[in-house]
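Residue-level structural notes
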Amino acid sequence: MITKIKTVQELRPLLEILRSSGKKIVFTNGCFDIIHTGHTRYLAIARSFGDILVVAVNSDASVRTIKGEKRPISSQAERAETLAALGSVDYVTIFDEPDPYRVISALQPDVLVKGGDWPIEKIIGRDVVEARGGKVVNVPYVEGSSTTGIIERIVRIYCEGGKVGEWKGGR
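In this report, we go over the structure that sits alongside the text. (Residues numbered from 1 in each chain as written. Predicted model: local features only at pLDDT ≥ 70, side-chain atom pairs only at ≥ 80, totals over all residues. Heavy atoms only, no water.)

**Points about the overall build of the chain**
Basically, it comes down to this: For helices the rule is a DSSP run of H or I covering at least 4 residues; for strands it is a run of E covering at least 2, with both sets numbered from the N terminus onward. Values of the radius of gyration come from C-alpha atoms, whereas the globule rule sets the reference at 2.2 Å times the count of residues to the power 0.38. When a residue's accessible area, from a 1.4 Å probe over protein chains only, is under 20% of the maximum for its type it is buried; when over 50% it is exposed; and in between it is partly exposed. Residues counted as positive are Lys and Arg, residues counted as negative are Asp and Glu, and His and the chain ends are not counted. Note on charges: their place is set at NZ of Lys, CZ of Arg, CG of Asp or CD of Glu.
A count of helices and strands for the chain gives seven helices and seven strands. Going from the N terminus to the C terminus, the chain shows its helices and strands as α-β-α-β-α-α-β-α-β-α-β-α-β-β. The C-alpha radius of gyration of the chain comes to 17 Å, within 12% of the 16 Å expected for a compact globule of 171 residues. The principal-axis extent of the C-alpha atoms belonging to the chain is close to 60 × 35 × 25 Å. The 171 residues of the chain split such that 40% are buried. The distance from the centre of the 24 positive side-chain charges to the centre of the 21 negative ones in the chain is 3 Å.

**So, the pattern of salt bridges**
For clarity, the cut-off: The rule for a salt bridge is simple: a side-chain nitrogen of Lys or Arg has to be within 4 Å of a carboxyl oxygen of Asp or Glu.
In total, this model carries eight salt bridges according to the counting rule given. For Glu97, the salt bridge goes to Arg102, with nearest N and O atoms at 2.6 Å. What makes Glu97 partly exposed here is its relative accessible area of 25%. Among the charged side chains, a network of salt bridges with common partners joins Glu16, Arg19, Asp110 and Arg132.

**Here's the deal with the environment of Val89**
Threshold: Note on contacts: a residue pair is in contact if any heavy atoms of the two residues lie within 4.5 Å.
Looking at where Val89 falls in the secondary structure, it is placed in the loop between helix H4 (76–84) and strand E3 (91–95). Residue Val89 is classed as buried on the basis of its relative accessible area, which comes to 0%. Non-local contacts of Val89, meaning those with residues more than four positions away in its chain, are made with Lys4, Leu43, Leu53, Val55, Leu83 and Ala84.

**A look at unusual backbone geometry**
Note the cis peptide between Arg71 and Pro72, where omega equals 5°. The residue Pro72 is located in the loop between helix H3 (60–67) and H4 in this model. Residue Phe32 is not a glycine yet carries a positive backbone phi of 50°. Structurally, Phe32 is set in the loop between strand E1 (25–30) and helix H2 (37–47). Accessibility expressed as a relative area gives 4% for Phe32, which makes it buried.

**Focus on the sheet that holds E1**
For the record, the criterion: For two strands to pair, DSSP has to find at least two bridges joining them. Throughout, an axis means a line fitted to C-alpha atoms (over the contacting stretch in the case of helices), and angles, computed between N-to-C directions, take values from 0 to 180 degrees.
One open sheet accounts for five strands, arranged E3-E2-E1-E4-E5; its pairing is parallel. The two strands at the open ends of the sheet, each matched to only one other strand, are E3 and strand E5 (135–139). The mean inter-strand angle of the sheet, taken between neighbouring strand axes irrespective of direction, is 25°. As judged from the five bridges shared by strand E2 (residues 52–58) and E3, these two strands associate in the parallel manner. Note that in E3 the partner of Val57 across the bridge is Ile94. Sheet strands in contact with H4 are E2 and E3, and its direction is about 160° off that of E3.

**Some thoughts on the pairing of E1**
Selection criterion: Think of it like this: strands point away, you trace from the first strand over the helix to the second, and a clockwise trace means the crossover is right-handed.
Within E1, six of the six residues are buried, which leaves it mostly tucked inside the rest of the structure. Going residue by residue along E1, you find Ile25, Phe27 and Asn29 tucked away on one face and Val26, Thr28 and Gly30 tucked away on the opposite face as well. Taken together, the six bridges between E1 and E2 define a ladder with parallel strand orientation. Counterpart to Asn29 in the pairing with E2 is Ala56. On the question of chirality, the crossover connecting E1 to the parallel E2 by way of H2 is right-handed.

**A short note on the nonpolar core**
Our working definition: Definition of nonpolar core: a set of buried residues of the types Ala, Val, Leu, Ile, Met, Phe, Trp, Tyr and Cys, connected through side-chain atoms within 4.5 Å.
Residues Leu15, Phe27, Ile52, Val54, Val103, Leu107 and Leu112 are the most contacted members of the largest nonpolar core, which totals 19 residues. Top element by residues in this core is helix H1 (residues 8–20). It accounts for four residues. Ignoring any residue separated from it by four or fewer positions in sequence, one finds Leu107 in contact with Val8, Leu11, Arg12, Leu15, Arg19, Phe27 and Val54. In this structure, Phe32, Leu83, Leu86 and Val111 belong to the second largest nonpolar core, which totals 18 residues.

So this is what it looks like as structure tokens:
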């Protein structure tokens with residue numbers, strides 16, 4: 001599964017070979033901090049739009065810029081490895097910028113997928129993909145399934161006044 005994790009420079013020629021053999025390249029991106037059912041459903045749907053799914057993951061520094069200093073919960077290496085273990089994901093790359101525009105421009109996917117919380121006209125990289133005849137889609141957002149929601153639930157259940165309360169579960 002580690003072999004699925006590539007730099008953008010490694011992915012570019014590989015994707016060109018795959019594309020020249022008739023494969024449709026699908027791209028999506030995100031923080032993917034504390035991977036949950038919403039993520040796995042989303043990635044399976046994204047993969048259905050083509051033959052090869054590339055997932056670009058925000059680096060730790062990028063996540064901090066977007067989500068704040070207490071995030072991410074899981075490191076970029078952990079998030080990339082977990083994503084690479086999913087059958088729906090063919091390749092994973094990590095990027096440092098707050099948005100994936102540079103990566104999309106470099107990889108030139110045939111299909112760009114984002115969650116339904118992103119209106120198509122606001123999807124970053126849409127211009128790049130559509131300029132070469134590609135397709136941009138958004139897939140339904142899975143309500144009640146978010147990393148922030150999981151963190152809030154953990155804090156509510158296990159913490160009191162900022163201190164860890166008595167553990168009621170297993171290990």
